[in-house]
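Summary of structural features
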Amino acid sequence: MKTYKICQSCAMSLNKDPKGVGGGTNANGKPSYKYCSYCYQDGTFLQPNITAQEMQAFVKEKLKEMGGFMKLFAGFFSKGIPKLERWKK
């Protein structure tokens, strides 16, 4: 099984998930080590119809709301979202 350091949907560091690494859960209830708890629970995406570009805008806005360092680099941190596993065609 491949190990991921960031959520493959929103790019959040998996070790920052409030539910811990593997915060998202698969349909069988076991931890997902690919997605965070904000994106994925019980084997389904919480925002199933969102596009990669919409996720980028959402994440960028959340980072700006955090202020400080995150506000300055919001564009940089959200730039790679379309290249993550969820968005690969």
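Placed above this text is the structure.
Just so it is clear, the structure is predicted and the values come from calculations on it, not from any experiment.

Basis of the calculations
Residues numbered from 1 in each chain as written. Predicted model: local features only at pLDDT ≥ 70, side-chain atom pairs only at ≥ 80, totals over all residues. Heavy atoms only, no water. Helix = DSSP H or I, 4+ residues; strand = E, 2+ residues; numbered from the N terminus. Rg over C-alpha atoms; globule rule 2.2 N^0.38 Å. Contact = heavy atoms within 4.5 Å. Areas by Shrake-Rupley, 256 points an atom, 1.4 Å probe, with all protein chains shown as cover. Salt bridge = Lys/Arg side-chain N within 4 Å of Asp/Glu carboxyl O. Buried < 20%, exposed > 50% of the residue type's maximum accessible area, 1.4 Å probe, protein only. 1 Å grid on protein atoms, 1.4 Å probe; cavity = no way out; pocket = protein on both sides within 12 Å on 5 of 7 lines; lining within 4 Å. Points joined across faces, edges and corners; volume = space filled by probe spheres on them. Nonpolar A, V, L, I, M, F, W, Y, C, P; charged D, E, K, R; others polar. Patch = residues over 30% accessible without salt bridge, like charges linked within 9 Å, V, L, I, M, F, W, Y side chains within 5 Å.

The next subject is the overall build of the protein chain. Of the regular secondary structure elements, the protein chain holds 3 helices and 4 strands. When the elements of the protein chain are put in sequence order from the N terminus, they spell out β-β-β-β-α-α-α. For the protein chain, whose C-alpha radius of gyration is 13 Å, the value lies close to the compact-globule estimate of 12 Å for 89 residues. Counting only C-alpha atoms, the protein chain reaches 40 × 25 × 20 Å along its principal axes. Contacts in the protein chain between residues far apart in sequence, at least 24 positions, make up 42% of those at least 6 positions apart. Counting only carbon and sulfur atoms, one obtains 56% of the accessible surface of the protein chain, whose full area is about 6,000 Å².

Under the criterion given, the structure shown has 2 salt bridges. Glu 65 is the salt-bridge partner of Lys 62, the closest N and O atoms lying 3.7 Å from each other. One end of the pair is Lys 62 and the other is Glu 65, both in helix α1 (residues 52-66) and 3 residues apart, which spans about a single turn. On the basis of relative accessibility, which here comes to 54%, the residue Glu 65 falls in the exposed class.

This part covers unusual backbone geometry. Located in the positive-phi region is Ala 11, a residue other than glycine, with phi close to 75°. Mapped onto the elements, Ala 11 comes out in the segment before β1 (24-25). A positive phi angle is found at Asp 42, which is not glycine, with a value near 55°. By the element assignment, Asp 42 lies in the loop between β3 (40-41) and β4 (44-45). Since its relative accessible area comes to 53%, Asp 42 is described here as exposed.

A few words on the layout of surface pockets. Of the volumes computed, that of the largest pocket is approximately 650 Å³. Cys 10, Ala 11, Met 12, Val 59 and Leu 63 are, among the 22 residues lining the largest pocket, the residues nearest its centre. No other element matches α1, which puts 6 residues into the lining of the largest pocket. Taken together, the residues that form the lining of the largest pocket break down as 16 nonpolar, 3 polar and 3 charged.

On to a nonpolar patch on the surface. A grouping of Phe 69, Leu 72, Phe 73, Phe 76 and Phe 77 is seen on the molecular surface, where their side chains present a nonpolar patch of about 570 Å² in accessible area. Elements with a minimum of two residues in the nonpolar patch: α2 (68-72) and α3 (74-78).

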